[in-house]
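# Structure at a glance
Below, each chain spelled out in residue letters.
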Amino acid sequence: MKIKHTGELYLGLYSENQNSLMNINGSISKPIKIIKENTVLNNLDYTIICDTREKNIDIILPNKCHGRIYNIKKLNKKNTVNIISENTIDNKKIYELIEENKITIQNCLNKWFII
């Protein structure tokens, strides 16, 4: 669905008191998947669970996606998950998840930040 509006637009779903750009009274669903291979993330991804029992996994982050958020979790202590950005993730090109670790990152002006 695309909405074009020239003034202020507020979206309220099951909401009587609209106090933000979007209010939802009820549950929401976000995409989640388990990966076992190297993966390039895109606009359809949100939560990525990394099963590293068999090998290391590289995750490549996209560029030009201002505001996008990813949650990445490593299931196993064995092997590593390397999160790789052409730009930076908190001033690093590669961020490594070790042990059973997780990270939430958000893109701002083509740089990724741990939040």
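Everything in this summary refers to the structure shown in the same document. (Residues numbered from 1 in each chain as written. Predicted model: local features only at pLDDT ≥ 70, side-chain atom pairs only at ≥ 80, totals over all residues. Heavy atoms only, no water.)

### A look at the overall build of the protein chain
From N to C terminus, the protein chain includes zero helices and 11 strands. Buried positions account for 30% of the 115 residues belonging to the protein chain. Counting every atom, the protein chain has about 8,300 Å² of accessible surface; 51% of that belongs to carbon and sulfur. (Helix = DSSP H or I, 4+ residues; strand = E, 2+ residues; numbered from the N terminus. Buried < 20%, exposed > 50% of the residue type's maximum accessible area, 1.4 Å probe, protein only. Areas by Shrake-Rupley, 256 points an atom, 1.4 Å probe, with all protein chains shown as cover.)

### Considerations on unusual backbone geometry
For Lys64, which is not glycine, the phi dihedral falls at a positive 55°. Mapped onto the fold, Lys64 is located in the loop between strand 6 (57-60) and strand 7 (69-74). A positive phi is found at Asn110, a non-glycine position, where the angle reads about 70°.

### Some thoughts on the pairing of strand 8 (residues 81-89)
Relative to strand 8, strand 6 runs parallel, the two sharing four bridges. In the strand pairing of strand 8, Asp58 is matched with Asn82. Relative to strand 9 (residues 92-97), strand 8 runs antiparallel, the two being bridged by five bridges. Bridge pairing links Asn82 to Glu96 in strand 9. Once strand 8 ends, the chain turns through two residues before running back antiparallel as strand 9, passing Asp90 with a positive phi of about 45°. (Pairing = 2+ DSSP bridges.)

### Remarks on the pattern of salt bridges
Enumeration according to the criterion identifies three salt bridges in this entry. For Lys55, the salt bridge goes to Glu37, with nearest N and O atoms at 2.7 Å. Placement of Lys55 in the loop between strand 5 (47-50) and strand 6 and of Glu37 in the loop between strand 3 (32-35) and strand 4 (39-40) is noted, with a sequence separation of 18 residues between them. For Lys55, a relative accessible area of 35% puts it in the partly exposed group. The salt bridge partner of Arg53 is Asp51, with a shortest N-O separation of 2.6 Å. The exposure class assigned to Asp51 is buried, which follows from its relative accessible area of 7%. (Salt bridge = Lys/Arg side-chain N within 4 Å of Asp/Glu carboxyl O.)

### Details of the packing of aromatic side chains
The description of an aromatic ring pair uses the distance of the two centres, along with the angle that the planes make with each other. All told, the structure shown has one aromatic pair when counted by the stated rule. Of note, Lys30 hangs over the ring of Tyr46, and the distance from its end group to the ring centre comes to 4.9 Å. (Phe/Tyr/Trp six-rings, centres within 6.5 Å; stacked < 30°, edge-to-face > 60°. Lys NZ or Arg CZ within 6 Å of the ring centre and 35° of its normal.)

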